[in-house]
Amino acid sequence: MVTEPKYREIAEDLRNRIESNELTPGSQLPTEIELMEQYNASRNTVRDAIKLLTTRGLVETRAGQGTFVVEKINPFVTTLTGDPNTERGGGEQGVFVAEVKEEGRTATTTLPRVEIQQASRVIANVLRLEEGAQIVSRHQERFIDGIPYSMQTSYYPMALVLGGATKLLEATDIKEGTVAYLATEYDVQQVGYRDTIAMRAPNENEMAFFKLPVDGRISVYEIFRVGFDQNGERYRLTISVYPADRNRFRINVGEVPPRGSGPSDSNE
């Protein structure tokens, strides 16, 4: 009979301890030295066992801190489609709060961090501006039940501010939402938006904010949403970043019954 490698025996025992809740989600595993003593194993054998548990998504190693049992996060489903003429369809903040509330969960966001920047080549190209043109950025971080779920930055041409939309420069929430604010105060009507979705590895800032493992095994979704006004002009760009371990997306096409009208659809 073939004997199972020692590192697999250790990994299997630790897996059982995790699944039985002896090692609870978020708790720290014993140190390498403690595991070596517990299992009478070499350092390399212990490291191989931890590596196996990591690939299975059961534990994660944090630089300078140790190895921890992965906390299971309840995924949230964001609906990307909607009516562009309404605040619910056009204002991402309103959509986020409403959808989270419908799930019986609690949504919180940071106050916007507002900056005047020079448009990068990418942003200038999307908004049809000259590279280096002045733009206003409004950045917010969003949480569900206290857990970071997404971050969002919206970019607006400076022409909107010069035209009187000075609330864009205020580091406070625009109560009615920027889409409704621009529509009612300055007749900039959002008639549609286009989403482009990509998946990529998180950068250092995103790994720190979302508390993602440094090995890069959890990707992030990056959604570019371009808003179009009644003249067909691109008047805003919103870039949202969502870690893949806690986010899903829903796209409705055609006549779709409202959510909650039938059996539970939380996983649809």
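Everything numeric in this text was worked out from a predicted model, so none of it was measured.

(A) Quick peek at the packing of aromatic side chains. Inspection of the entire model under this criterion finds 5 aromatic pairs. A connected cluster of aromatic rings, assembled from ring pairs, spans F143, F209 and F210. Over the face of the ring belonging to F68 we find R62, whose NZ or CZ atom lies 4.1 Å from the ring centre. Across from the ring centre of F96, 4.6 Å away, lies the NZ or CZ of R142, which sits over that ring.

(B) Quick peek at unusual backbone geometry. Although it is not a glycine, D145 sits at a positive phi angle of roughly 55°. Residue placement: D145 occurs in the loop between β6 (134–144) and β7 (147–157). Here the phi dihedral of D187 falls at roughly 55°; this positive angle occurs in a residue that is not glycine. By the element assignment, D187 lies in the loop between α8 (178–186) and β8 (190–200).

(C) Focus on the packing of helix α1 (residues 6–19) against helix α3 (residues 43–55). Two elements in contact, α1 and α3, have axes separated by 8 Å at closest approach and are oriented at 50°. Here α3 runs oblique to α1, going by the angle between their axes. The handedness of the crossing between α1 and α3 is right-handed. Packed against α1, whose contacting residues are K6, Y7, R8, I10, A11, L14 and R15, the element α3 presents T45, D48, A49, I50, L52 and L53 at the interface. In terms of residue class, the contact of α1 with α3 is built from 8 nonpolar, 1 polar and 4 charged.

Conventions used here
- Residues numbered from 1 in each chain as written.
- Predicted model: local features only at pLDDT ≥ 70, side-chain atom pairs only at ≥ 80, totals over all residues.
- Heavy atoms only, no water.
- Phe/Tyr/Trp six-rings, centres within 6.5 Å; stacked < 30°, edge-to-face > 60°.
- Lys NZ or Arg CZ within 6 Å of the ring centre and 35° of its normal.
- Helix = DSSP H or I, 4+ residues; strand = E, 2+ residues; numbered from the N terminus.
- Axes fitted to C-alpha atoms, helices over the stretch in contact; angles between N-to-C directions.
- Parallel < 35°, antiparallel > 145°, perpendicular 65-115°, else oblique.
- Left-handed = near helix turned anticlockwise from the far one by under 90°.
- Contact = heavy atoms within 4.5 Å.
- Nonpolar A, V, L, I, M, F, W, Y, C, P; charged D, E, K, R; others polar.

The quantities given are spatial measurements derived from coordinates; they are silent on function.
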